[in-house]
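# Architecture at a glance
Chain residues, written in single-letter form:
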Amino acid sequence: MLETLTAAASQALTLSNFFGAALGIFLGSLLGAVPGLNGTMAIALLTPVTYTWSPLFAIAMLVGCWKGSVYGGSISAILLNAPGTPEAAATAFDGYPMTKQGKAGKALKMALYASVIGALFSDTLLMVASPPIAAMALMFGPAELAMLILFALVVVAGTGAKSQLKGLISTALGLLLATVGLDPITTQQRFTFGSIDLDAGIGLLAMLIGLLVMSEVLVQMEEGWKDAHAEVMIRSDDPDASRVTWPELKGSLGTIFRSSLLGSFCGALPGVGSITAAFMGYDQARRLSKHPERFGKGEIKGVAAPEAANNAVCGAGLIPLVTLGIPGALSAAVIMGAFMIHGLAPGPMLMLEHPETIYGLFMLLILSDFFMLIIPLPLMKMGQWVISVPRAYLFPVILTLCVIGAFGTHQNLFDVKVMVFFGVLGYFLKKWELSPAALLIAFILGPMAEVYLRQALKISGGDPGIFITKPLAASFLALTVAAMAWTTLRNRRGGR
Amino acid sequence: MIRNQKDFRLGLGLVAFCLFLLVYLIPRQVGPLQEADALLPGLVTGFTLLLGILLTIQAVRRPAGGRAHAQGEGPEPRSPWRSIGVVVAIMAAYAWLLEITGFVFTSLGAMLALFLVFGVRRWLPIAAITLGTLGGLYLCFDVLLGAPLPLGTLVENLLE
């Protein structure tokens, strides 16, 4: 173990990797701060650029970008009451009233400290919890893995769709799209329509950029975007108004740790995500506070709680990805794509086959949390300027980046057409209240699900009873049925 | 009486799509449904068909969720269909022309057209952002990553 850690440290702790992590945090904070852009879009656009880089540099940068964007969203939430990312919405409840009281600097700094503590907490959890979970997952056979993926797909189906039914439809469409290309076992052509370009299947990155980035621009056009215009910030003469004092930080530490725990829990569960975590964090802080009436009026704990919770999702969100090969959230799904581009197949074997790379990545993630204390500081000063960039200027640039990003990875012009197709499809999916996130995660997990399913059936001689007779597989199947029943019941109660 | 027209249409569309897959596309593009290659496509299509039927039935029985546009709030905001259509057309042309006219000319034209669609009329920012973006992309892909952006068959022929 010590040897692995030493090898990982020598591989990871280099100046270039530090630069990668720092660059990711800077770009993430910058893009996250702009309302209309989000972390997933930023990661999707950056991934094509990284394919010639070393896996550690690239993935550290992309995860840094994810973390940075989660914090960056709070800048516009606090300064303008216009959350840069959906997970920063809860931060605006108390952050914006603090700005109106002339305490914008204090709110931004508390958001930063809480974000760093939340991220550190969850990265440590990732480092500690991943090896035993991966070791346990190694004992799973094809039947167990097939049922585990089925469970994850059903849980993830709830991500972003209006109802469980529409989530399941999105998941099924994703699985169907995953079957395009050569059959993973017999190499028989499926749905290729005679096109050589489709033999390798639909390009993940092109699909991802179209579904997540181009479609978002079209949706925002339809919604009639309203650009945020920064008002003149109220400045206070009190020096304490722009910094967090030690008693304030000490008084918020309990809230921050509770929110970090909550956020980590939400991150480790597939499909829950950082938006839920942020609202749950805010809610627990308000309920446990001695002065709940202060919440919504500029309470500093109301900024700390959601920020700690939503940042804690990032590290913990990588636990199911690294150990089981299951992306629990949309950003994790995009990062899974980056793992695959760099020849690292997420799953239980990853820690066995590339221990130095994975432990090196864990080290870089923890280190990047400290970078997060410094890098976004200039953005706080430039905040008003950054968040006021009109979207009419941004969108043409983003759409150009979509085209070149889709082309860049494989130098294939067909991928650009695929990107445009999925951009339009993503727009309609959102209009029909289906979930591009569930579709994308199902598309990523589809090939694995198919291979495990067919391997299990081959072992059993075609008898589907293998999924019931094996105790672990049966447990996952029971969990899947329970998850579906619970969601259906919850929807029915909600509908009444 | 159909209570949710949008879901009803989506459900029916899904049912039709799945039937088309099961009856026509899977047997032709994959193979007979009883073969291993067609196991997952067949299973998933069957499941989607079931979900489509459920959605159609639900749309007949249940009204659309969410707040309906209230009376007295003025006319419903018009969807900018035309602008969205133009952006999609520009992106499609961009994707198809990239092979012929190459990165520089296609991107230049596409960016200018997109700025105009988004309502930007100030030429100095348009020129600065367009040239900055294209220069940055050229530096990033061609120079730093060694992954040349397409020159275009037309430009290649002219250079020859």
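### With respect to the interface of chain A and chain B
- Between chain A and chain B, the contact holds 43 residues from the first and 51 residues from the second.
- Going through the elements one at a time, helix H8 (164–178), helix H9 (204–223), helix H17 (391–410), helix H18 (413–431) and helix H19 (436–459) of chain A are the ones with two or more residues in the side of chain A that touches chain B.
- The element that contributes the greatest number of residues to the side of chain A that touches chain B is H17 of chain A, accounting for 10 residues.
- Counted by class, the side of chain A that touches chain B contains 27 nonpolar, 9 polar and 7 charged residues.

### Description of the domain arrangement of chain B
- In terms of domain boundaries, chain B breaks down into domain 1 (5–61) and domain 2 (81–159).
- If you average the C-alpha positions of domain 1 of chain B and of domain 2 of chain B, the two centres end up 39 Å apart.

### Focus on the environment of Ile366 of chain A
All names here are of chain A.
- Within the element layout of this structure, Ile366 appears in helix H15 (residues 355–374).
- Residues Ile366 and Met147 lie 219 residues apart in sequence; the distance between their C-alpha atoms is 33 Å.
- Contact partners of Ile366, with chain neighbours within four places excluded, come to Leu120, Asp123 and Thr124.

### Structural notes on the nonpolar core
- Counting 212 residues, the largest nonpolar core has Leu62, Ile78, Ile149, Ile209, Ile335 and Met419 of chain A as its most contacted members.
- Top element by residues in this core is helix H4 (residues 55–80) of chain A. It accounts for 17 residues.
- Two domains each donate at least three residues to this core, and these are domain 1 (5–61) and domain 2 (81–159) of chain B.
- With residues up to four places along the chain from it excluded, the contact list for Met419 of chain A reads Ala206, Ile209, Gly210, Met214, Cys402, Val403 and Ala406 of chain A.

### Observations regarding unusual backbone geometry
All names here are of chain A.
- Phi angles above zero are rare outside glycine, and Phe193 is one such case at about 55 degrees.
- You can see Phe193 is positioned in the loop between strand E2 (189–190) and H9.
- Since 11 C-beta atoms lie within 10 Å of it, Phe193 is described here as exposed.
- Residue Glu433 is not a glycine yet carries a positive backbone phi of 65 degrees.
- Positionally, Glu433 belongs in the loop between H18 and H19.
- Classification of Glu433 by C-beta neighbours within 10 Å gives partly exposed; the count is 19.

### Details of the packing of H17 of chain A against helix H4 (residues 123–144) of chain B
- Two elements in contact, H17 of chain A and H4 of chain B, have axes whose closest approach is 11 Å; the angle formed by their N-to-C orientations is 20 degrees. When the axis of H17 of chain A is compared with that of H4 of chain B, the two are roughly parallel. Handedness of the crossing formed by H17 of chain A with H4 of chain B: right-handed. Touching Tyr393, Val397, Thr400, Ile404 and Gly408 of chain A of H17 of chain A are Pro125, Ile129, Thr133, Leu137 and Phe141 of chain B, all from H4 of chain B.
- For the contact of H17 of chain A with H4 of chain B, a count of residues per class yields 7 nonpolar, 3 polar and no charged.

### Remarks on the environment of Ala277 of chain A
- Tracing the backbone through its elements, the reader meets Ala277 of chain A in helix H11 (residues 273–288).
- Each C-alpha atom of the pair Ala277 of chain A and Ser259 of chain A lies 8.1 Å from the other, and the pair is 18 residues apart in sequence.

### Observations concerning the confidence of the model for chain A
- Scored by pLDDT, chain A has a mean of 84; 91% of the residues are at 70 or more.
- At the level of individual helices and strands, chain A shows its lowest average pLDDT in helix H16 (residues 377–386) of chain A, which scores 69, and its highest in H18 of chain A, which scores 93.

### Brief notes about the environment of Ser130 of chain A
All names here are of chain A.
- Assignment of secondary structure puts Ser130 in helix H6 (residues 104–137).
- Look at Ser130 and you get buried, because 21 C-beta atoms sit within 10 Å.
- Along the backbone, Ser130 and Gln220 are 90 residues apart, and their C-alpha atoms lie at a distance of 38 Å.
- The residues touching Ser130, leaving out its near neighbours within four places in the chain, are Ile319, Val322, Thr323 and Met351.

### Points about helix H1 (residues 5–29) of chain B
- Where H1 of chain B bends most, the angle comes to about 45 degrees, and this point is Leu21 of chain B.
- Turning to H1 of chain B, its buried residues are Asp7, Leu10, Gly11, Leu14, Cys18, Leu21 and Ile26 of chain B.
- On its buried face, H1 of chain B is in contact with H8 of chain A together with helix H2 (39–61) of chain B.
- Backbone geometry just after H1 of chain B places Gly31 of chain B at a positive phi near 150 degrees.

### Description of H2 of chain B
- Taking 1.5 Å per residue as the helical rise, H2 of chain B with its 23 residues ought to reach 33 Å, and the 33 Å between its terminal C-alpha atoms agrees with that figure.
- Of the residues making up H2 of chain B, those classed as buried are Leu40, Pro41, Gly42, Val44, Thr45, Thr48, Leu51, Gly52, Leu55, Thr56 and Ala59 of chain B.
- Contacts from the buried residues of H2 of chain B go to H8, E2 and H19 of chain A together with H1 of chain B.

### Describing the packing of H9 of chain A against H17 of chain A
Residues and elements named next belong to chain A.
- Their axes nearest at 10 Å, the elements H9 and H17 cross at an angle of 165 degrees. One finds that H9 runs roughly antiparallel with respect to H17. As for the relative orientation of H9 and H17, their crossing is left-handed in sense. Here Leu205, Ala206, Ile209, Val213, Met214, Val217 and Gln220 of H9 lie close against H17, whose contacting residues are Arg391, Phe395, Ile398, Leu399, Cys402, Gly405, Ala406 and Thr409.
- Here the contact of H9 with H17 is composed, by residue class, of 11 nonpolar, 3 polar and 1 charged.

Procedures and definitions
Residues numbered from 1 in each chain as written. Chains lettered and ligands numbered in written order. Predicted model: local features only at pLDDT ≥ 70, side-chain atom pairs only at ≥ 80, totals over all residues. Contact = placed C-beta atoms within 7 Å. Helix = DSSP H or I, 4+ residues; strand = E, 2+ residues; numbered from the N terminus. Nonpolar A, V, L, I, M, F, W, Y, C, P; charged D, E, K, R; others polar. Domains from an automatic or database assignment. Core = buried A, V, L, I, M, F, W, Y, C linked by C-beta atoms within 7 Å. Buried ≥ 20, exposed ≤ 12 C-beta atoms within 10 Å, placed from the backbone. Axes fitted to C-alpha atoms, helices over the stretch in contact; angles between N-to-C directions. Parallel < 35°, antiparallel > 145°, perpendicular 65-115°, else oblique. Left-handed = near helix turned anticlockwise from the far one by under 90°. pLDDT = per-residue confidence, 0-100. Bend = angle between axes of the 7 residues up to and from the residue. Expected span 1.5 Å × (residues − 1).

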